[in-house]
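If you want the building blocks of each chain, they are given just below.
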Protein chains: 2
Amino acid sequence: MKKYVYSFEEGSEKLKSLLGGKGAGLAEMTGLGIRVPPGFTLTTEACAEFYRSGKKWPAGLKEEVDKKLEELEKKMKAKLGDNENPLLVSVRSGAVVSMPGMMDTVLNLGLNDKSVLGLAKKTKNERFAYDAYRRFINMFGDVVMGVDHKYFEEVLSKAKKTKNVKFDTDLDAEDLKKICEQYKGVIKKNTGKLFPDDPKKQLQMSIDAVFDSWNNKRAIAYRRINNITGLLGTAVNVQTMVFGNMGDNSGTGVFFSRNPSTGENEFYGEYLMNAQGEDVVAGIRTPQPITQLKKVMPKIYDELIDIYKKVEKHYKDMQDMEFTIQEGRLYLLQTRNGKRTAYAAVKIATDMVKEGLISKEEAVLKVDPEQLDQLLHKQLDQVAKQKAEVIAKGLPASPGAAVGKIVFTAERAVELAGKGEKVILVRTETSPEDIQGMNAAEGILTSRGGLTSHAAVVARGMGKCCVAGCSDIIVHEDENKFIAKELTFKEGDSITLDGTEGEVIKGEVPTVDPQLKGEFKTLMGWADSFRKIKVKTNADTPHDSKVARDFGAEGIGLCRTEHMFFEGDRIIAVREMILAENAEERKRALDKIKPMQKEDFKGIFKVMSGLPVIIRLLDPPLHEFLPKEGKEIKEMAREMKVSEQKIKDTISSLHEFNPMLGFRGCRLGIKYPEINEMQARAILEAAVECRKEGIKAIPQIEVPLVGNVKEFVIAKDIIEKVGAELKLNRGKDYWIGTMIEVPRAAITADEIAPEADFMSFGTNDLTQMGCGFSRDDAGKFLKPYVEEGIYARDPFQSIDQEGVGKLMQICIEKARKAKPHIEIGICGEHGGDPESVKFCHRIGLNDVSCSPYRVPIARLAAAQADLEEKKKGKANQFFQH
Amino acid sequence: MKKYVYSFEEGSEKLKSLLGGKGAGLAEMTGLGIRVPPGFTLTTEACAEFYRSGKKWPAGLKEEVDKKLEELEKKMKAKLGDNENPLLVSVRSGAVVSMPGMMDTVLNLGLNDKSVLGLAKKTKNERFAYDAYRRFINMFGDVVMGVDHKYFEEVLSKAKKTKNVKFDTDLDAEDLKKICEQYKGVIKKNTGKLFPDDPKKQLQMSIDAVFDSWNNKRAIAYRRINNITGLLGTAVNVQTMVFGNMGDNSGTGVFFSRNPSTGENEFYGEYLMNAQGEDVVAGIRTPQPITQLKKVMPKIYDELIDIYKKVEKHYKDMQDMEFTIQEGRLYLLQTRNGKRTAYAAVKIATDMVKEGLISKEEAVLKVDPEQLDQLLHKQLDQVAKQKAEVIAKGLPASPGAAVGKIVFTAERAVELAGKGEKVILVRTETSPEDIQGMNAAEGILTSRGGLTSHAAVVARGMGKCCVAGCSDIIVHEDENKFIAKELTFKEGDSITLDGTEGEVIKGEVPTVDPQLKGEFKTLMGWADSFRKIKVKTNADTPHDSKVARDFGAEGIGLCRTEHMFFEGDRIIAVREMILAENAEERKRALDKIKPMQKEDFKGIFKVMSGLPVIIRLLDPPLHEFLPKEGKEIKEMAREMKVSEQKIKDTISSLHEFNPMLGFRGCRLGIKYPEINEMQARAILEAAVECRKEGIKAIPQIEVPLVGNVKEFVIAKDIIEKVGAELKLNRGKDYWIGTMIEVPRAAITADEIAPEADFMSFGTNDLTQMGCGFSRDDAGKFLKPYVEEGIYARDPFQSIDQEGVGKLMQICIEKARKAKPHIEIGICGEHGGDPESVKFCHRIGLNDVSCSPYRVPIARLAAAQADLEEKKKGKANQFFQH
């Protein structure tokens, strides 16, 4: 038979999955000899059984609770509901993962009309006893019997009014006694049921209420928002009450073993004398800094320091603790690993290594990679921000902060930025034509599009702040204005974006720069020494490449050549190529583009000297290079000296119902081999010229959207022909590989691998095609999908391991079977998501590639993946003995 | 060492893959003791090696040819190039699959200035000898040395002019001798090379030329058009010449062992006396019906009948044969299985069973399922058609014929058809809104869209004739006219469509009805007795269901409910549902649709009584139910009493970049569970009501576009709730299954199968997502793909077995592992493609479903799949002994 109840003496951190965080912490402290009010914990399994059997207690639970209660009574020499010496207990929830304030708590349980007399006698304080009783009835009525707190509040207000006093403390024992009676009336009136006198009934009902609270709306929402899945239920802690409100030698407080904002190794917290925990939270009285306690109760203060050092050392992590002092006696009520800022997390982890408290491995495992994002972007000055006027809220599409003047077109952004102005580009949505403007702007604001819209993806790639899909603003691009909160914002007006929060702020708010030195650097160094998987970057310019290399990138995993097609005047040549009516005309246009592309590649090879650079051949559908609106078409016709009709006809002939699945990727090069040839030549000639200058260029040419090995072979043959002309050896001077983004490619990887030097998962497209989700449209239906748990997380943010991940595994298995040592990487947006990076490690990828600003995140995640694997290996080993 | 050359005595039909069709036929006839001019065959492997080694003969080939030639000379008692008794040979190509006229032939090889004298002496006919020499130089110059035939023609014309005669036959030996000299001059002038005197050189060069012709443009194009893949190369036949032009006791002819048009068991063919084969083809003299030969040469005639009967019996198939009579002596030059019409194919197969020539199994294997299509549609009267004026040619999108008056809108089609008029719906392209009109029309003509456009797919589903993507016509829908060949066609003008040929004809051409009785019925009965896989149909109406059942469908594999949404007034209620702002409004609108849907289902259950009916829940994106143009929006606003803006806003909010991957399929029901509930209720209530009337309704509800088992479970729970309310038992009274069309579903079939009663591959969408091809856009790039052999066939026409097929296999394996006896079928367009049906059989599907008019095709293909498997099993068994 399962054991459902553990006394604190029986419990330990190892049983955390059964006892929850609070229960395990109390047990652990008890074990360390720290004074914790005795009690016991009902396991999460008991909760799970409760739900499994239709909200009934599993067999044996009642008996176990009764037995533990008896033991507790014996230990405390008091009895629940006793008229002389009553035992009072608290009943608290405690899940494995902290869910602050999300579930229910009952205090002072065990009081009734008789035992309250016992409490009065024992404490020699009638007022205290009835105040405790009143609080209990209120809390029990609210939490257990479902009576709205406001009805109790009404009674209390009326009593104060009648007596014409302001504070609860002005009410005496007699008043409170009356209030207790009235409270019971409130319960009867609202539920039709009597407040239960029997303390055992009280206890059973309270436990039920805590079990119930596991699935209340708040708790479900909290778990969803925080991606908490796979838990059984909540544990329930039944603990002897101690009181911080028994006079001036009583009190209560909360503290951290280190500063959670800065990470400084200092005693940090606050306390209140003669108060209960809820008084601290209620904010009626202002708590004192914990250091003040040294003056008031020096012995207790020293005791606290001893305790927190002991506990921190024990847990090897910064602790968040609660205590109560009852009549000069210190009790610890909670300890758990404390939440902290990214900055603090890094400092604490490295400090603890210096202090000899933890190993480097443990330090690397202690920092949440996702949290590092905070450290990698310009941030708003938080003090100044508090005074700022937020005019709209959109999606936090790309973190960081941006301050600048509003512009509504990419051209204007480039123009003003050229004059040294800082600008914010505001668009309904962005398109590849806006790239230059986005690059020139400090930040981007769009009124449409989701977290994976063009604006969002490109901005993240650029490490540029972006608020997307901000439907609070209405953009009138034609009138150069937008409206928000009934205010009109025109070109030149200043705004500030907070990409981390998704906020748009009126006017300018000061910013602070990211710090990438000191402890952070140290920690990343340790991470690098542990990880196996390489971290590359997705970068299209020498500038981005430089940023990424400074952040530790070990090469370029994806250089998209199409972005280069928009730079400067070359878009004209690109358009000439698209309008060309035969291969010759197309070649002439391509000949104009080639020297420019070559320079691009040389710039990138220079920055990345000695590191591999994967360059993808042209990928997007050609219509993306043509204008959309009449005015632009007119202009293009004039510039290129062709008829508007010809341009319109071309646009119309390139129109597609599902461009995602249309004429793009390697399909372009199958129909127009000239494009591949030009690009291959530009890349390989750039490499040759670089080498002459002593730069170690390592070009790896990548064929996109391959679904069939024959597509790859056709492209490969062209590249090899160019290589041969330049007297270069494939596999020595250059490499040819392919993206795996079409499901068919994954399924036939055994055919593709023998032809390719490397493979790289394009998980964005693989997700689109594998799941049948258009990234641009999925916003409409993916939200309810994640809410209903159909997908644990947005599959565009974190790899859908159960589905797309399986496709990847099939691909790897087939590819390696056909060519055991083929290098396989990933270059979708997922390459910067820690969970995805860990998944990539587990399925045996050689490298991940992500946007420059996420390189450190991926490095840390990769290291953790390795360490977690080793740990698991050890655990398994242990288990086998 | 490989054997590259076989004498006819050494060869046989078993070596066909090496000897080609012609070579194998000659060898086989030789083996049967039939008089065939002796010779030998160079294998297809020799040709493959020739290409592999850069157009060089493989080692040993020359020696083998020399040896075989020597043997031949010995046997013929003549010598190649001999001055006294020269041996003449023909050099002919002969691939494994017949490619008539696509490759090259050289006749009379072995002649030069000396051996021509020998020929003259031997035949005692100088004119004959020089005529043969002239023909040889011409042919050799053209075929082997690449000199255009016209230059030789010029010389000949000039000679006739000079002599003032009309026919070649008017030229005498001296004239021809001169012409031979001039011909050699032509070669020298055009190539700079001399005509080779050495007969061995002639032979070697001719063999090279035939090898070369395997990859000439014509041959490549022929193989592409006829889906001929996987061949090594062509074989080359070197054969002793016989002459049909040696006087009145010589002649030549071609014939079939049965009538290739009607299948009648009769001697059918034609001949010419004193002529060579090329004279028959050239059409200068009119050949005589073969039956005439009986009078002219009764012995030869009887001999021919004996021979063809012997050969037909030997091959157990109708033969297409060639013969030459040289001076009263009969030689057979070719035999092969004859091409025939579908009607003849069916008749011949069944007749041969009656005659005891072949078994029923062999008969079923003898008919090409794809060819049956000819029998299943109304056809134009071919005699009348010869006089018709074809005004435009488009794609043969759906076979059959249609005659009627032109209309330009679906409404008008419905209106006129209601009055009993026969109409042809002409549109730029069609959309789901046109369904009613398409249904009312006799045929559909569109100027845009490919073989898988909406018009094409729907028309095929309806068994309705359709010419699509006919860019020869320009449709002015707003002016109710179209223009073709500078003629204007208005509403009410009559046209005729030939959907089998893709032709548009001015005026009315008489048609003939399909015949589905007699031998055809007999053959289908045999087929049914052999096949294991079930054949169902895709049908949305009682009418289509009836057609399909009459064609032998064993249930409905896919009933699309969305087509019903367009019928009559219900589109208004559907639009109300789409415009609804909350679940309640949506429910109100759905309540209006429900009784209509219920009636639809009752109609179908009635027709399909006793057979399973798979009904798919609503699938298409909602925007398909809304109007597109301003006028229609206005009308809808008026009808529904809402603002135009509201409709426009809804349209805009439903707009998607990639609707294929957007908000559709089960995603609709996840967001709007009311829709699923309404449909489930309509289906199950219909079933209950039908059963009360004694109809055996077998409803199987299908959830579309599932990618994740949780989606399926959500939909399933709703259906089960409705089922429980109606006191129906799942698995007994109704079934719930899912489409497999998202790659992720295939990969996670082990999770889905345990929840589902059946699965059905939606191979259209699985191909779109698996290969990353938008069906609507792929026309732009798929053509070069098939031309370059990247895909053997258009993957939307025939399952991409190597890619999508692998996904299917993974799915089946996973599904059956989790639930061994789950029924798995296919309901994409591929269900009617014979190759795909056979593939479905091989991978273990339980059923295929196709459009009503393809049911017999699928039945036959399914039977063949089974028989082919058994044959292979036997062959393997044999091999193991």
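Residues numbered from 1 in each chain as written. Chains lettered and ligands numbered in written order. Predicted model: local features only at pLDDT ≥ 70, side-chain atom pairs only at ≥ 80, totals over all residues. Heavy atoms only, no water.

Caption draft 1: Seen up close, the overall build of chain A. Across its full length, chain A carries 34 helices and 33 strands. Taking the principal axes of its C-alpha atoms as reference, chain A extends roughly 105 × 70 × 50 Å. Within chain A, buried positions represent 58% of all 881 residues. A separation threshold of at least 6 residues defines the contact pool for chain A, and within that pool the share at least 24 residues apart is 69%. (Helix = DSSP H or I, 4+ residues; strand = E, 2+ residues; numbered from the N terminus. Buried < 20%, exposed > 50% of the residue type's maximum accessible area, 1.4 Å probe, protein only. Contact = heavy atoms within 4.5 Å.)

Caption draft 2: Spatial organisation of a negative patch on the surface. Together, E411(A), D569(A), E635(A) and E639(A) give the surface a local cluster of negative charge. Looking at E639(A), the relative accessible area reads 40%, which means it is partly exposed. (Patch = residues over 30% accessible without salt bridge, like charges linked within 9 Å, V, L, I, M, F, W, Y side chains within 5 Å. Areas by Shrake-Rupley, 256 points an atom, 1.4 Å probe, with all protein chains shown as cover. Salt bridge = Lys/Arg side-chain N within 4 Å of Asp/Glu carboxyl O. Lys, Arg positive; Asp, Glu negative; His and termini not counted. Charge placed at Lys NZ, Arg CZ, Asp CG, Glu CD.)

Caption draft 3: Molecular detail of the pattern of salt bridges. Tallied over the entire structure, the rule returns 155 salt bridges over all chains. Two residues, R134(B) and D131(B), come together in a salt bridge whose shortest N-O distance is 3.1 Å. One end of the pair is R134(B) and the other is D131(B), both in helix α5 (residues 126-144) and 3 residues apart, which spans about a single turn. A residue is classified by how much of its surface remains accessible, and D131(B), at 7% relative accessible area, is buried. Across the pair R616(B) and E562(B) runs a salt bridge, and its minimum N-O distance is 2.8 Å. Of this pair, R616(B) sits in strand β28 (residues 612-616) while E562(B) sits in the loop between β27 (556-560) and α21 (570-579), and the two are 54 residues apart along the sequence. Residues participating in the shared-partner salt-bridge network are K594(A), K598(A), E599(A), K602(A), E685(A), E689(A) and E693(A).

Caption draft 4: Representation of the interface of chain B and chain A within the structure. Listed by partner, the interface residues are 50 residues for chain B and 50 residues for chain A. Both sides together, the interface formed by chain B and chain A hides about 4300 Å², and carbon and sulfur atoms give 55% of it. Of all residues in chain B, L661(B), R744(B) and K780(B) give up the largest surface area on contact with chain A, accounting jointly for 15% of the area buried on that side. A salt bridge links E751(A) to K806(B); its shortest N-O distance comes to 3.1 Å. Contributions of two or more residues to the side of chain B that touches chain A are made by α24 (644-654), α25 (666-671), α27 (709-725), α28 (743-747), α30 (763-771), α31 (779-787) and α32 (804-818) of chain B. Considering every element that reaches the side of chain B that touches chain A, the biggest residue donor is α32(B), with 5 residues. (Buried area = accessible area lost by both parts, 1.4 Å probe.)

Caption draft 5: Focus on the relation of the copies chain B and chain A. After a rotation of 179 degrees and a shift along the axis of 0.5 Å, chain B superposes on chain A with an RMSD of 0.4 Å. The transformation relating the two chain copies, once decomposed into turn and shift, fits a two-fold axis. The rotation axis passes nearest to the C-alpha of N658(B) in chain B, at a distance of 2.0 Å. (Least-squares fit on C-alpha atoms with pLDDT ≥ 70 in both.)

Caption draft 6: View of the packing of helix α4 (residues 115-123) of chain A against helix α5 (residues 126-144) of chain A. Residues and elements named next belong to chain A. Running from amino to carboxyl end, α4 crosses α5 at an angle of 140 degrees, the nearest separation of the two axes being 8 Å. Regarding α4 and α5, the two cross each other, and that crossing is right-handed. Side by side, α4 and α5 meet where V116, L117, L119, A120 and T123 of the first sit next to E126, F128, A129, Y130, A132 and Y133 of the second. When the residues that make up the contact of α4 with α5 are grouped by side-chain class, the tally is 9 nonpolar, 1 polar and 1 charged. (Axes fitted to C-alpha atoms, helices over the stretch in contact; angles between N-to-C directions. Left-handed = near helix turned anticlockwise from the far one by under 90°. Nonpolar A, V, L, I, M, F, W, Y, C, P; charged D, E, K, R; others polar.)

Caption draft 7: Broad picture of helix α7 (residues 173-191) of chain A. Residues and elements named next belong to chain A. With 19 residues, α7 extends 27 Å from end C-alpha to end C-alpha; this agrees with the ideal 27 Å at 1.5 Å per step. All of the buried residues along α7 are A173, D175, L176, I179, C180, Y183, K184, V186 and I187. In the core, the buried residues of α7 are packed alongside α5 and α6 (149-163). Its side-chain oxygen at 3.2 Å from the backbone nitrogen of E174, D172 defines the N-terminal cap of α7. Positive backbone phi, approximately 75 degrees, marks G192, located one or two places after α7. (Expected span 1.5 Å × (residues − 1). Polar contact = N/O pair within 3.5 Å; in protein donor to acceptor, adjacent residues only side chain to side chain.)

Caption draft 8: Region of interest: the sheet that holds strand β22 (residues 487-490) of chain B. Residue and element names in this part refer to chain B. Within the open sheet, the 3 strands sit side by side as β20-β21-β22. Their pairing is antiparallel. Pairing within the sheet leaves two strands with one partner each, and these edge strands are β20 (474-476) and β22. When the angles between neighbouring strand axes are averaged without regard to direction, this sheet yields 20 degrees. (Pairing = 2+ DSSP bridges.)

Caption draft 9: Highlighting the confidence of the model for chain A. On average, residues of chain A score 91 in pLDDT, and 96% of them are at 70 or above. Model confidence for the complex: the whole-complex pTM is 0.81, and ipTM, which rates the interface, is 0.80. (pLDDT = per-residue confidence, 0-100.)

Caption draft 10: Broad picture of the packing of aromatic side chains. Across all of its chains, the model carries 54 aromatic pairs over all chains by this definition. Aromatic pair F255(A) and F323(A): ring centres 6.0 Å apart, planes at 50 degrees, arrangement tilted. Note that F255(A) is positioned in strand β8 (residues 251-256) and F323(A) in strand β11 (residues 319-326), a separation of 68 residues in sequence. This pair shows no difference in class: F255(A) is buried, exactly as F323(A) is. Taken together, a centroid distance of 5.6 Å and an interplanar angle of 70 degrees make the contact between F551(B) and Y853(B) edge-to-face. Here the residue F551(B) occupies a position in the loop between α20 (542-550) and β27, and Y853(B) occupies one in the loop between β33 (847-850) and α34 (855-880), the gap between them amounting to 302 residues. (Phe/Tyr/Trp six-rings, centres within 6.5 Å; stacked < 30°, edge-to-face > 60°.)

Caption draft 11: Quick look at the environment of K160(B). Residue and element names in this part refer to chain B. Checked against the element boundaries, K160 lands in helix α6 (residues 149-163). For the pair K160 and D175, spaced 15 residues apart in the sequence, the C-alpha separation amounts to 9.1 Å. Excluding residues that lie within four positions of it along the chain, K160 makes contacts with V165, K166, F167, D168 and L171. At a separation of 2.8 Å, a polar atom in the side chain of K160 contacts the side chain of D168.

Caption draft 12: Highlighting helix α32 (residues 804-818) of chain A. Here α32(A) spans 21 Å end to end across 15 residues, near enough to the 21 Å set by a 1.5 Å rise per residue. Along α32(A), the positions that sit buried rather than exposed are V804(A), G805(A), K806(A), L807(A), M808(A), I810(A), C811(A), I812(A) and A815(A).

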